[in-house]
Amino acid sequence: MSVGAQIEKFYQEATANQYLWFAENPDGTFLEFDVKDNRVSLPVWSSKSRIQRLKKLNPELLAGVEPRGISWEKFKEVVVPILIQKNRLVNLNLSGKNLTGFDLPLEQLIRNFEAISSVS
């Protein structure tokens, strides 16, 4: 599935459920990846099964992570301020053996999610 299709599927599923998923490391921190321009990206998914599938494809890297879900409202209330403070990007529905995805600013995720939610 192309990155564009992954992004479209993310918004379709996540806005329908008003729920997001992220991966938690064994030490209780979010799974994050260093990306270009000395930035860090937090992957978020639209379903628990997407994380579980990714763990199976990448056991050497992701064996210890566990899926954790959060409502969209709680994400905005609790997680967004932390991500803003840390200047994080987000990655929507990171997938595949090569961990394919697209990093975007947090503000863009919020703007798109709420625009799509208001139309649904």
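Below you will find a few notes about this structure. Remember, predicted model here, so these are calculated numbers, not experimental data.

**Thoughts on helix H4 (residues 72-85)**
Step number 1: For H4, spanning 14 residues, the distance from its first C-alpha to its last is 19 Å, which sits close to the expected 20 Å at 1.5 Å a residue.
Step number 2: Where H4 bends most, the angle comes to about 45 degrees, and this point is Val79, followed within four residues by the proline Pro81.
Step number 3: Along H4, the residues classified as buried are Trp72, Phe75, Val79, Val80 and Leu83.
Step number 4: Structurally, H4 contributes buried residues whose contacts are with strand E1 (19-24), strand E3 (39-44), strand E4 (66-71), strand E5 (89-92) and helix H5 (106-119).
Step number 5: Where H4 terminates, the next one or two residues include Asn87, which has phi positive at roughly 60 degrees.

**Side note on the side chain of Asn93**
Step number 1: By secondary structure assignment, the location of Asn93 is in the loop between E5 and strand E6 (103-105).
Step number 2: At 3.4 Å, the side chain of Asn93 and the backbone oxygen of Gln6 are in polar contact.
Step number 3: Setting aside residues up to four positions removed in sequence, Asn93 forms contacts with Gln6, Lys9, Phe10, Val44, Trp45, Ser46, Arg50 and Thr100.

Rules used in this analysis
Residues numbered from 1 in each chain as written. Predicted model: local features only at pLDDT ≥ 70, side-chain atom pairs only at ≥ 80, totals over all residues. Heavy atoms only, no water. Helix = DSSP H or I, 4+ residues; strand = E, 2+ residues; numbered from the N terminus. Expected span 1.5 Å × (residues − 1). Bend = angle between axes of the 7 residues up to and from the residue. Buried < 20%, exposed > 50% of the residue type's maximum accessible area, 1.4 Å probe, protein only. Contact = heavy atoms within 4.5 Å. Polar contact = N/O pair within 3.5 Å; in protein donor to acceptor, adjacent residues only side chain to side chain.

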